[in-house]
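Residue-level structural notes
Next come the chains, spelled out residue by residue.
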Amino acid sequence: VATRASRDQRCISSNPGQPGPAVYLSVATRASGGGNSQAPAQQLTARTDRASPILRQFCGNAWPKKPHLLTTVWPTHPPPAVKQRGATLHQKAATDTMPRELTRNPVQKIWIPYKEERPALPSQSCIPPLTNSPTVIVMVGLPARGKTYIAKKLTRYLNWIGAPTKVFNVGEYRREAVKWYRSYDFFRHDNEDAMKIRKQCALAALRDVKSYLSEEGGQIAVFDATNTTRDRREMILNFAEENGWKVFFVESVCDDPSIVAANIMDVKVSSPDYLDCNRADAMEDFLKRIECYKATYQPLDPDHYDKDLSFIKVINVGRRFLVNRVLDHIQSKIVYYLMNIHVHPRTIYLCRHGESDYNLKGRIGGDSGLSYRGKKFSSALRTFLEEQNIKDLKVWTSQLKRTIQTAEVLDGQYEQWKALNEIDAGVCEDMTYEEIKERHPEEYTLREQDKYYYRYPTGESYQDLVQRLEPVIMELERQGDVLVICHQAVMRCLLAYFLDKSADELPYLKCPLHTVLKLTPFAYGCKVESIFLNVEAVNTHRDRPEDVGRKGANPLMRRNSVTPLASPEPNKKPRMEGPDDRLASSSSSLATALCLASDGSAPLPGQNVSEMPRPSEAVVTISVQE
């Protein structure tokens, strides 16, 4: 009441013509029927006809019906204790109700609330979880069902759209602990020593998940393992609940033997588990490994046991889907993405338009037409596509003149996408870089310092462009063979998605004129071929300034997120801490001994036992990803 009265100078005064300063009232004493024991020498009578509506509303039924002494007021000099208490109340109220100061980010052209000179970020350890609290994506399914393929592809997409994501593959932790794989016996559910090792590997991966989400600025962690039992999934749920994270399950179900066999032959037989082993014997051992998992497999039950969980079932590589309890934006993004991808062989061709008149003049943006050499490139592109002999090739262009002129020479129809238009340079459109440096020196310097996040005044940034291109990526994932004729910044964004490039690398990817990039997606990556069509053109590439180094470990913070990073290396050595970890360490040594024991299962045909490393000289096996 004292704080509210101090803001209302009309509240109570001894004379209507002489308003008092901050007024301190003992309303609670009067409302309870008692008197004021701290009355000063000067007492003033407050009558209902001059009282503030604030007090009338506050007192309610306790407000007197007839004019009489309500309380004691000090219009000029309150007692020291009251004055000090009132000042404290006033300061606290001002602190609680006033918004934080905002600082305008000159690079992104946005307002950011700062707290203690650092950008204010949402809490990451809150129960119940906030809307944007971290998410743990938990893969579920038998081996050779495409879980790792989905995990890596989903991680690449989430990083590209700006949600820092990392994969934690428990199989890599197991290879770190066991050092050498001998046979499928390790995965039998009645192998107690092996079961202890597998559980400790899962716990080590979860600890790294916690470190990534709590300390390294991560937003999404993908826990890539079979997770086929309810006990294992319950352990992950409890771990996430303790840390205030959301959990979303992705179960891959496949009962088509041909798809499983193809996956084993394409990916599994070449894994580190089957070094120096012929493909037929590796295939046989892996099928037995699958049978070990089937003995304890408990699929997600949407009707009864797991009806309250958030998950998606991907059935037979996307032929059908079952979605249950999608709770937030990130989960809906995951569902949307997984329902659009496919594994059929295809080729994506990316190229820029032919050289334009603005390219020759060194101007950016605009809507100029093709130069003479640009028109020659269009004819060369037509010849190249005829030689490729691609059936049902779809051609996409932007809505700008130079891409449309390039596609007009080609046989067949083409589609125009407004989303494929070049980045909007705002007030810098139609200028050369020299003119920008002269007319807008501050903007020129800011863009040189942070090219990805920099937003042109009234224009766009690369970050904005990525968001604009998301529907294009979704449609590219749905389609077969596609040729995209676009622009330099647009091509960089598309290329960064397929090659898993970071925000720091994206603006400096080389996309020269009159060159076609042929992208061929495969299991865990994408093959790139650069094909120059022998038509000269100007070089529009600008290298990273020498005085602007690469960003360090600390990411650039934004309003509610951090810099999107490339998918980090998933292979991480488990940290051994505490009694349970010492058990895991001893179990690891035991597992190595078991794998090398002479009375165990025989080595796989084709494996040289004499070359198998001893426990003291075992080497970590790391899978190489192209």
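Residues numbered from 1 in each chain as written. Predicted model: local features only at pLDDT ≥ 70, side-chain atom pairs only at ≥ 80, totals over all residues. Heavy atoms only, no water.

The secondary structure content of the protein amounts to 19 helices and 15 strands. Long-range contacts, defined here as pairs at least 24 residues apart, represent 71% of the contacts in the protein between residues at least 6 apart. Per element, the accessible surface of the protein, about 31400 Å² overall, is 50% carbon and sulfur. (Helix = DSSP H or I, 4+ residues; strand = E, 2+ residues; numbered from the N terminus. Contact = heavy atoms within 4.5 Å. Areas by Shrake-Rupley, 256 points an atom, 1.4 Å probe, with all protein chains shown as cover.)

Here the focus is helix H17 (residues 462-478). Its 17 residues give H17 an end-to-end C-alpha distance of 24 Å, which sits within 8% of 24 Å, the value for a rise of 1.5 Å per residue. At leucine 469, H17 shows its maximal kink, close to 45°; a proline, proline 471, follows between one and four residues later. Burial in H17 covers these residues: Tyr462, Gln463, Leu465, Val466, Leu469, Glu470, Val472, Ile473, Met474, Leu476 and Glu477. (Expected span 1.5 Å × (residues − 1). Bend = angle between axes of the 7 residues up to and from the residue. Buried < 20%, exposed > 50% of the residue type's maximum accessible area, 1.4 Å probe, protein only.)

One ladder, built from 8 bridges, connects strand S14 (residues 515-522) with strand S15 (residues 525-532); its direction is antiparallel. The partner of phenylalanine 522 across the bridge, within S15, is glycine 525. (Pairing = 2+ DSSP bridges.)

Let us now look at the sheet that holds strand S5 (residues 165-169). Spatially, S5-S6-S4-S7-S8-S9 is the arrangement adopted by the 6 strands of the open sheet, whose pairing is mixed. Lying at the two open borders of the sheet, with one neighbouring strand each, are S5 and strand S9 (320-324). Across this sheet, the average inter-strand angle for adjacent strands is 15°, counted without regard to direction. As paired strands, strand S7 (residues 246-253) and strand S8 (residues 311-315) are joined by 5 bridges and run parallel to one another. When the bridges of S8 are listed, glutamate 251 appears paired with lysine 313. The sheet strands contacting helix H5 (residues 147-160) are strand S4 (135-140), S5, strand S6 (220-224) and S7, and the helix crosses S5 at an angle near 160°. In the packing of helix H11 (residues 329-338) onto the sheet, the strands contacted are S4, S6, S7, S8 and S9, and the crossing angle to S7 comes to about 15°. (Axes fitted to C-alpha atoms, helices over the stretch in contact; angles between N-to-C directions.)

Two elements in contact, H5 and H11, have axes separated by 11 Å at closest approach and are oriented at 120°. On the basis of their axis angle, the class for H5 and H11 is oblique. Note that H5 runs across H11; the crossing there is right-handed. Counting all contacts with H5, which are made through Ile150, Lys153, Leu154 and Tyr157, the residues of H11 involved are Lys333, Ile334, Tyr337 and Leu338. Looking at the contact of H5 with H11 residue by residue, the class counts come to 6 nonpolar, no polar and 2 charged. (Parallel < 35°, antiparallel > 145°, perpendicular 65-115°, else oblique. Left-handed = near helix turned anticlockwise from the far one by under 90°. Nonpolar A, V, L, I, M, F, W, Y, C, P; charged D, E, K, R; others polar.)

Strand order in the open sheet made by the 6 strands is S12-S11-S13-S10-S14-S15, with mixed pairing throughout. Edge positions in the sheet fall to strand S12 (415-416) and S15, since each has one partner strand and no second. Sheet topology note: the strand S10 (residues 348-352)/S14 ladder contains 4 bridges and is antiparallel. Directly across from cysteine 351, in S14, lies its bridge partner valine 516. Across the sheet, helix H14 (residues 401-408) lies against strand S11 (394-397), S12 and strand S13 (482-486), angled at about 140° from S13, the strand it touches most. Lying over the sheet, helix H18 (residues 488-499) contacts S10, S13, S14 and S15, oriented at roughly 150° with respect to S10.

What follows is about helix H10 (residues 279-294). Here H10 is 16 residues long and its end C-alpha atoms lie 23 Å apart, about the 22 Å a rise of 1.5 Å per residue gives. Along H10, the residues that are buried comprise Asp281, Ala282, Met283, Asp285, Phe286, Arg289, Ile290, Cys292 and Tyr293. Of the surrounding secondary structure, the elements contacted by the buried residues of H10 are helix H6 (170-178), helix H7 (192-214) and helix H9 (257-266).

Below, the discussion takes up the packing of aromatic side chains. What the rule picks out here adds up to 13 aromatic pairs. With a centroid separation of 5.3 Å and an interplanar angle of 80°, the aromatic rings of tyrosine 454 and tyrosine 456 are classed as edge-to-face. Each ring, one from tyrosine 497 and one from phenylalanine 498, has its centre 4.9 Å from the other, and the planes form 80°; the classification is edge-to-face. A single burial state applies to tyrosine 497 and to phenylalanine 498, both of which are buried. Ring pairs connect the aromatic residues Tyr181, Phe186, Phe187, Tyr274 and Tyr293, which therefore count as one cluster. Sitting over the face of the ring of tyrosine 305, arginine 230 holds its NZ or CZ atom 4.1 Å from the ring centroid. (Phe/Tyr/Trp six-rings, centres within 6.5 Å; stacked < 30°, edge-to-face > 60°. Lys NZ or Arg CZ within 6 Å of the ring centre and 35° of its normal.)

A cluster of nonpolar side chains, Val323, Val326 and Met339, forms an exposed patch at the surface whose accessible area comes to about 210 Å². Topologically, valine 323 is positioned in strand S9. Take valine 323: its relative accessible area is 39%, and that puts it in the partly exposed class. (Patch = residues over 30% accessible without salt bridge, like charges linked within 9 Å, V, L, I, M, F, W, Y side chains within 5 Å. Salt bridge = Lys/Arg side-chain N within 4 Å of Asp/Glu carboxyl O.)

Now for unusual backbone geometry. A positive phi angle, close to 65°, is found at alanine 144, a residue other than glycine. Judged by relative accessible area, alanine 144 falls into the buried class, the value being 4%. Even without being glycine, asparagine 534 reaches a positive phi, approximately 60°. Relative to the elements of secondary structure, asparagine 534 occurs in the loop between S15 and helix H19 (578-596). Given the relative accessible area of 66%, asparagine 534 is considered exposed.

What follows concerns the side chain of arginine 232. Note that arginine 232 resides in helix H8 (residues 230-243). In this structure, arginine 232 is buried with no salt-bridge partner, the nearest side chain bearing the opposite charge being aspartate 231 at 9.0 Å. Here arginine 232 is in contact with Arg198, Lys199, Ala202 and Asn227, once residues within four sequence places are set aside. (Lys, Arg positive; Asp, Glu negative; His and termini not counted.)

Attention now moves to the confidence of the model for the protein. Where the model shows low pLDDT, its predicted coordinates should not be examined in detail. The pLDDT averaged across the protein works out to 78; a share of 68% of its residues lies at or above 70. Taken as a whole, residues 1-49 scores under 50 in pLDDT and shows 90 contacts with residues more than four places along the chain or in a different chain. Predicted confidence is poor over residues 120-128, with pLDDT under 50, and the contacts of this stretch with residues over four places away or in other chains come to 25 contacts. (pLDDT = per-residue confidence, 0-100.)

Right, let's get into the environment of glycine 426. By the element assignment, glycine 426 lies in the loop between S12 and helix H15 (433-439). Separated by 61 residues in the primary sequence, glycine 426 and glycine 365 place their C-alpha atoms 9.0 Å from one another. Sequence-distant contacts of glycine 426, defined by excluding residues within four places in its chain, comprise Tyr456, Pro457, Thr458 and Gly459.

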